[in-house]
Amino acid sequence: MPASQLPVFVYGTLRPGQANYLRLLAGKTVREVSASCRGRLYYVTEGDYPYLEPGEGTVTGELLTLATADYENILGALDRLEEYAPHNEESSDYLRRRTIVTLADGTQTQAWVYFWNCPDISGESIRSGDFLNRGK
């Protein structure tokens, strides 16, 4: 896999079984493993979506290795969903960044992660760090 084809760490509606996973990623990954990254997770109730900000804390999710043959198309679809414009980051809702993620066995690797870029919108803290357990 080329260095530019990093896996993607997902923490919300792109996680397996969630609506955007089913719409954009089902059948397009070659590996899915539990993982975590550093940061703070929030939830916007009006839109029913989470966002991640850098910081202390642990965010739970999955590390998805995308199918190599269709990598650019899949990543482009994720960028559009997250309203990330690589050539116009200041107006992007999320920013896609290389970040270190930790697998369940303690192994660390680099992955793409979408971080929040809309300071004028705030959500409720997800103290568990897990979007699937946001009410706990």
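Quick notes on the rules
Residues numbered from 1 in each chain as written. Predicted model: local features only at pLDDT ≥ 70, side-chain atom pairs only at ≥ 80, totals over all residues. Heavy atoms only, no water. Helix = DSSP H or I, 4+ residues; strand = E, 2+ residues; numbered from the N terminus. Rg over C-alpha atoms; globule rule 2.2 N^0.38 Å. Buried < 20%, exposed > 50% of the residue type's maximum accessible area, 1.4 Å probe, protein only. Contact = heavy atoms within 4.5 Å. Areas by Shrake-Rupley, 256 points an atom, 1.4 Å probe, with all protein chains shown as cover. Lys, Arg positive; Asp, Glu negative; His and termini not counted. Charge placed at Lys NZ, Arg CZ, Asp CG, Glu CD. Pairing = 2+ DSSP bridges. Salt bridge = Lys/Arg side-chain N within 4 Å of Asp/Glu carboxyl O. Phe/Tyr/Trp six-rings, centres within 6.5 Å; stacked < 30°, edge-to-face > 60°. Lys NZ or Arg CZ within 6 Å of the ring centre and 35° of its normal.

Q: Hey, could you run me through the overall build of the chain in this one?
A: Secondary structure assignment for the chain yields 2 helices and 6 strands. Its helices and strands in sequence order give the chain the pattern β-α-β-β-α-β-β-β, from N to C terminus. Over its C-alpha atoms the chain spans a radius of gyration of 14 Å, differing by no more than 12% from the 14 Å that the globule rule assigns to 136 residues. Dimensions of the chain, computed from the C-alpha atoms along their principal axes, are close to 40 × 35 × 25 Å. Counting all 136 residues of the chain, 45% fall into the buried class. Pairs at least 24 residues apart make up 62% of the contacts formed inside the chain by residues separated by at least 6 positions. Counting only carbon and sulfur atoms, one obtains 48% of the accessible surface of the chain, whose full area is about 7200 Å². Taking the average place of the 13 positive charges on the side chains of the chain and the average place of its 18 negative ones, the gap between the two points comes to 5 Å.

Q: How should the pairing of strand β5 (residues 108-116) be read in this particular structure?
A: Two faces, one strand: in a regular strand the side chains alternate between the faces of the sheet. Bridging between strand β4 (residues 94-103) and β5 involves 9 bridges; their strand directions are antiparallel. Across the sheet, the residue bridging to isoleucine 100 is glutamine 110, located in β5.

Q: What is the right way to look at unusual backbone geometry in this model?
A: Note: most peptide bonds trans; most residues except glycine with negative phi. Even without being a glycine, aspartate 48 presents a positive backbone phi close to 60°. The backbone phi angle of glutamate 83 is positive, close to 55°, even though this residue is not glycine. You can call glutamate 83 partly exposed: its relative accessible area is 48%.

Q: What exactly am I supposed to notice about the side chain of glutamate 82 here?
A: Relative to the helices and strands, glutamate 82 resides in the loop between α2 (71-81) and β4. Here glutamate 82 occupies a buried position and makes no salt bridge, while the nearest side chain of opposite charge, arginine 23, is found at 8.9 Å. Not counting residues up to four positions away in its chain, the partners in contact with glutamate 82 are Leu14, Asp93, Tyr94 and Tyr114.

Q: Please explain α2 as it appears in this structure.
A: Restricting attention to buried positions, one finds in α2 the residues Tyr71, Ile74, Leu75, Gly76, Ala77, Leu78 and Asp79. The inward-facing, buried residues of α2 abut β1 (8-10), α1 (19-24), β3 (49-66), β4 and β5. One or two residues past the end of α2 sits glutamate 83, with phi positive at roughly 55°.

Q: What is the right way to look at the packing of aromatic side chains in this model?
A: The description of an aromatic ring pair rests on the distance of the ring centres and on the angle between the ring planes. In the structure shown here, the tally under the stated rule is 6 aromatic pairs. With a centroid separation of 4.9 Å and 70° between ring planes, the pair formed by tyrosine 94 and tryptophan 116 is classed as edge-to-face. Note that tyrosine 94 is positioned in strand β4 and tryptophan 116 in strand β5, a separation of 22 residues in sequence. Note on tyrosine 94: relative accessible area 6%, which makes it buried. In textbook terms, an aromatic cluster arises when at least three aromatic residues are bridged by ring pairs, as seen for Tyr42, Tyr49, Tyr51, Tyr94 and Trp116. Here the basic side chain of arginine 96 rests over the ring of tryptophan 112, its NZ or CZ set 4.5 Å away from the ring centre. Taking the ring centre of phenylalanine 131 as reference, the NZ or CZ of arginine 134 above it sits at 4.1 Å.

Coordinates in, geometry out; function isn't part of it.
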